[in-house]
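Single-letter residue listing:
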There are 2 protein chains.
Amino acid sequence: MQVARAAYQPKLPQGLKGNVTLKEGEPTQSVADQEEIKALFPNTYGLPLVEFVPSDKASESGKEPMNVGVILSGGQAPGGHNVISGLFDGIKRLNPANKLYGFLLGPGGLVDHKYIELTSDIIDEYRNTGGFDIIGSGRTKLEEESQFESGLEILRELGIKAVVIIGGDDSNTNACVLAEYYLAHKTGIQVIGCPKTIDGDLKNDQIETSFGFDTACKTYSELIGNIERDANSAKKYWHFIKLMGRSASHIALECALETQPNICIVSEEVQQKGETLQDIVDNIAQAVADRAKDGNNFGIVLIPEGLIEFIPSIEKLIAELNDLLASKEYAADAPADRIEWLNGKLSAANAEVFKSLPRAFAEQLTGERDPHGNVQVSLIETEKLLSQMVAEKLKQMKAEGKYVGKFAAQHHFFGYEGRCAAPSNFDADYCYSLGVSASELIAAGKTGYMAIVKNTTAPADQWKAGGVPITMMLNMEKRNGKMKPVIRKALVELGGKPFKEFAAHREEWKKHTCYVYPGPIQYWGPTEVCDKTTETLRLEQSK
Amino acid sequence: MQVARAAYQPKLPQGLKGNVTLKEGEPTQSVADQEEIKALFPNTYGLPLVEFVPSDKASESGKEPMNVGVILSGGQAPGGHNVISGLFDGIKRLNPANKLYGFLLGPGGLVDHKYIELTSDIIDEYRNTGGFDIIGSGRTKLEEESQFESGLEILRELGIKAVVIIGGDDSNTNACVLAEYYLAHKTGIQVIGCPKTIDGDLKNDQIETSFGFDTACKTYSELIGNIERDANSAKKYWHFIKLMGRSASHIALECALETQPNICIVSEEVQQKGETLQDIVDNIAQAVADRAKDGNNFGIVLIPEGLIEFIPSIEKLIAELNDLLASKEYAADAPADRIEWLNGKLSAANAEVFKSLPRAFAEQLTGERDPHGNVQVSLIETEKLLSQMVAEKLKQMKAEGKYVGKFAAQHHFFGYEGRCAAPSNFDADYCYSLGVSASELIAAGKTGYMAIVKNTTAPADQWKAGGVPITMMLNMEKRNGKMKPVIRKALVELGGKPFKEFAAHREEWKKHTCYVYPGPIQYWGPTEVCDKTTETLRLEQSK
């Protein structure tokens, strides 16, 4: 499989295929807080959008030999290796003497001077493969001047003209800060970003989708479809499936559009409606009871990983718990004593919510904090919390004669299964194009830009590659009590087409069994199977 | 995907393609206990093996119109729909007037007279799809004369000449009992079995593999490969992955051969060596420490679902717990009181084992019994049990200066993800051939036979289809205190080639990172990717 797949030649947009020339647009401004952003980024603010278009003659720029560095930052996403191979092929096409260096285990590799040269032998081994193992990834944040200076040393030592940082919203914000710093200090070193994250929350007018979202969602949808088929064959289980994706519910929503489960919870809607945990439970229990009336004691519930923090009452409870536990006034370490102590301290409203939680989850909420003193949401088994509470509710409904049926639950959490899948044809092509685009941005002397590819629902040769100034996507937000420039995170828009499509069908999907079984990602075969985009992208880009 | 896949035409053995004739072998005898088996099955004992071979002229038999019934029994396995479509096409080829009836929700449909006629419209919707949802499955055991008689009524009413039962070892044993009964009572109704189970434990000299094993293992291996890639990119987690497969470790072993994880536990070896739970934990902890020395604080451990019952000391503990809890002498329902009560009652050896278990698992072991009074093994989270105990052991080793590193674990359990996957090309072809083979066995007037296909590592047109008398596979075993005729379950043979291949490499896989990432099942594309058999089958059939 790996051998056969290595031979795949990713498709490129027309604008990146032959001789490339750069078309510059109008100056840009940031999405909000223009004055503050401009003050913080005097050198990289207001740059124009750029697009690469085919040209009759070879460009003059970028012919000088140059070295380039690349960094993988944060969680894995399918296609990272293709960005790197696109970047490699791109700079080699400009000049075969150009070299590509990979910094090891994330941004920390730049600071600590850990790197390897990426030669064609290495690159060829990783073409069209999943994972970030070619150079590893890491979560070190590039924020301090001392880091920038330490990086500068090794960049100068290796004669590196530009660094490409492949990362999510935070990493690209940091890339922009670094670009500004290197420009302000006249180092001559360029910094280019690349939009990566399976979570789908790095997108806006310029970025149609972040890479990896396509493959990860299709991998999860394969599994959800298989479980749906199992549920519909055995007809005896409700499956509660939690899906990775940090805060935003893009992954859960996309998987729902692909597999048509009975229920999909969308955190953003829960927050907007101000629903309580009990409201969510009651809704699920009602759906279970309604299906049981038709003799269907089975179903599928999709749950976004970040749900718990979007339930307003739980969010308030967690905030008070964080404060109380930070005070360390309580003596005992045993969960039972800690919970008793907390019950005496919590405000009346939060105490009521706290008491309504099953014991195991009360313990999870009061367990070890993360380094910032926050509860570790990913450790909370929301899927089990919900199914236990649904079981309780159904018991009560049965006693009241409102439910006749059997309820048995199975639980799943999908995350690590999809982050490192081999990229779909879409992600393979998209990422490779991003890499080539980054090489052209470097050749054109750009810095503080993110490589982009647009028009991605058309066939690949009609895609439009280019760059967007990162400052254009910044606004000011509070982080750890201080206002910071950050790329605005894209949550699911309840007025957007993907959610509206879901909302238009969910009552039917809830009551009836409308499952769709997408099957595994296919790399060879009919184009309508192999080159399909996500439903989210298709709907968002549809007129 | 489903639309495109529906067009796939499964490959057939040469012997089933055109005019078919039957070649009969010598009379057979059962694998053991010949006298008892012969006494229990006087009419179906000793029948010859049969093989279908191409013929110059059309056969005379099977030209009379006939109706056939089909039943799906037990857990889902990929390819069930293809057995049914092969059977449908097979009987329609014999005579277009022939009809196929499907009994609903398992053997219970025969007893309760619940059925539908399977027309070409229905069949076409399910070709090459996963799941058993075409007619549903169930776990009713056909054992009582009253069930046989009730079934007889509906079979006569529908004019059904033969019933095909698609199931595992127990279902096929019951198919044989039913065949004997219908023959002894001169009903004229034939019964044919089909070897199904993802667990891989229904195989012997005649049955090279049970259907569904190929697809399920490949689906799990896709996920394990993705997680390996993630582990090797993030380099910070040990993943403990439990794999479905009841008692036998075939699935875990096959997945290990496909993905080369650091550790794969094989229950049959644990039992043979008489290892304790602590032995297993110590071995894993040592591997973690050895890898940490090389700076590798990550790894993959595969755990077969049935492990806990193969650890002799735990097996003894469970037996005593079952007896004690059945006595119901203890008053309290709270787990803490129950555990205290048990500590006072258990024999010294078992009490020691019991006390060594983490609290959560002691509770799981003493939780609700199944209807037979046994602990529900599938509810025991072996993957978490092992990782917790490994963490404890490593803490101790660290204190002794024998371990330097960080240990963090993630847990997974794969089962429902694979049972209903769309069948691989192998399973699609194999199952379709089994279905056609069953239709020819019916046409030839056979009963008490299982449809088989052999030589399955050769290209499909060289496969050999035929039938094996089920009595040939029977022996006497104790079930619920009584001796019963049953098909001998195939466990992993420690002297067999698959295990030896694993054993020859595991030390290298443990120490180094030798992961293989098989990727998702491919239906189109290079034949070496799409038509690969399992490693287990390849090794077992290799000379």
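Residues numbered from 1 in each chain as written. Chains lettered and ligands numbered in written order. Predicted model: local features only at pLDDT ≥ 70, side-chain atom pairs only at ≥ 80, totals over all residues. Heavy atoms only, no water.

**A closer look at the interface of chain A and chain B**
Between chain A and chain B, the contact holds 52 residues from the first and 52 residues from the second. Both sides of the chain A and chain B interface together cover about 3900 Å² of buried area, and 53% of this is carbon and sulfur. Inspection of the chain A/chain B interface yields six salt bridges. Joining chain A to chain B, the criterion identifies 24 residue pairs in polar contact (both at pLDDT 80 or more). Secondary structure elements with two or more residues in the side of chain A that touches chain B: α1 (2–6), α8 (213–234), β11 (409–414) and α18 (416–419) of chain A. Looking at side-chain class alone, the side of chain A that touches chain B contains 23 nonpolar, 18 polar and 11 charged residues. (Contact = heavy atoms within 4.5 Å. Buried area = accessible area lost by both parts, 1.4 Å probe. Salt bridge = Lys/Arg side-chain N within 4 Å of Asp/Glu carboxyl O. Polar contact = N/O pair within 3.5 Å; in protein donor to acceptor, adjacent residues only side chain to side chain. Helix = DSSP H or I, 4+ residues; strand = E, 2+ residues; numbered from the N terminus. Nonpolar A, V, L, I, M, F, W, Y, C, P; charged D, E, K, R; others polar.)

**Thoughts on the confidence of the model for chain A**
As a general rule, the predicted coordinates of low-pLDDT regions are not to be interpreted in detail. A residue-level look at chain A finds 98% of positions with pLDDT of 70 or above and a mean pLDDT of 93. Interface scoring of the predicted complex returns ipTM 0.93; its pTM is 0.95. (pLDDT = per-residue confidence, 0-100.)

**Some remarks on the environment of F148 of chain A**
All names here are of chain A. With respect to the helices, strands and loops of the structure, F148 is situated in helix α6 (residues 145–157). Judged by its relative accessible area of 3%, F148 is buried. With 377 residues separating them in the primary sequence, F148 and G525 have C-alpha atoms 47 Å apart. Not counting residues up to four positions away in its chain, the partners in contact with F148 are L142, E143, V177, L178, Y181 and Y182. (Buried < 20%, exposed > 50% of the residue type's maximum accessible area, 1.4 Å probe, protein only.)

**Side note on the sheet that holds strand β4 (residues 99–103) of chain A**
Residue and element names in this part refer to chain A. Strands sit in the order β1-β2-β13-β12-β7-β6-β3-β4-β5 across an open sheet of nine strands; the sheet is mixed. In this open sheet, the two strands that pair with only one neighbour each are β1 (20–27) and β5 (115–117). Between one strand and the next, the sheet's axes are offset by a mean angle of 25°, whatever the strand orientation. Two strands pair when backbone bridges link them, and strand β3 (residues 67–72) and β4 are joined in this way by four bridges, in the parallel orientation. Of the residues in β4, the one forming a bridge with V70 is G102. This element, helix α7 (residues 169–184), spans β6 (160–167), β7 (190–195) and β12 (449–454) of the sheet and lies at about 170° to β7. (Pairing = 2+ DSSP bridges. Axes fitted to C-alpha atoms, helices over the stretch in contact; angles between N-to-C directions.)

**A closer look at the packing of aromatic side chains**
Scanning the entire structure with this criterion turns up 24 aromatic pairs over all chains. Centroid distance Y237 of chain A to Y416 of chain B: 5.9 Å. Interplanar angle 75°. Geometry classified as edge-to-face. Taken together, the positions of Y237 of chain A in the loop between α8 and β8 (238–243) and Y416 of chain B in helix α18 (residues 416–419) put the pair across two chains. The two residues Y237 of chain A and Y416 of chain B agree in class, both being buried. Aromatic side chains Y430 of chain B and W463 of chain B sit 6.3 Å apart centroid to centroid with 85° between the ring planes, which places their arrangement in the edge-to-face category. (Phe/Tyr/Trp six-rings, centres within 6.5 Å; stacked < 30°, edge-to-face > 60°.)

**Some thoughts on the layout of surface pockets**
Residue and element names in this part refer to chain A. Estimates place the volume of the second largest pocket at around 640 Å³. Lining of the second largest pocket is provided by 25 residues; of these, K203, N204, D205, A490 and E493 occupy positions nearest its centre. Listing elements by their share of the lining of the second largest pocket, those giving two or more residues are α9 (250–259), α20 (497–511) and α22 (535–541). Taken together, the residues of the lining of the second largest pocket sort by class into 10 nonpolar, seven polar and eight charged. (1 Å grid on protein atoms, 1.4 Å probe; cavity = no way out; pocket = protein on both sides within 12 Å on 5 of 7 lines; lining within 4 Å. Points joined across faces, edges and corners; volume = space filled by probe spheres on them.)

**Some thoughts on a negative patch on the surface**
Residues and elements named next belong to chain A. On the surface, a cluster of negative charge is made up of E143, E144, E145, E149, E153 and E157. Relative to the helices and strands, E149 is located in helix α6. Note on E149: relative accessible area 35%, which makes it partly exposed. (Patch = residues over 30% accessible without salt bridge, like charges linked within 9 Å, V, L, I, M, F, W, Y side chains within 5 Å. Areas by Shrake-Rupley, 256 points an atom, 1.4 Å probe, with all protein chains shown as cover. Lys, Arg positive; Asp, Glu negative; His and termini not counted. Charge placed at Lys NZ, Arg CZ, Asp CG, Glu CD.)

**Considerations on the state of the cysteines**
Considering all chains together, one arrives at zero disulfides over all chains under this definition. No disulfide involves C176 of chain A; its sulfur sits 15 Å from the nearest other cysteine sulfur, which is in C194 of chain A. Looking at C176 of chain A, the relative accessible area reads 0%, which means it is buried. Counting only cysteine sulfurs, C255 of chain B is the nearest neighbor of C264 of chain B, a cysteine outside any disulfide, at a range of 8.2 Å. For C264 of chain B, a relative accessible area of 6% gives the class buried. (Disulfide = S-S within 2.5 Å.)

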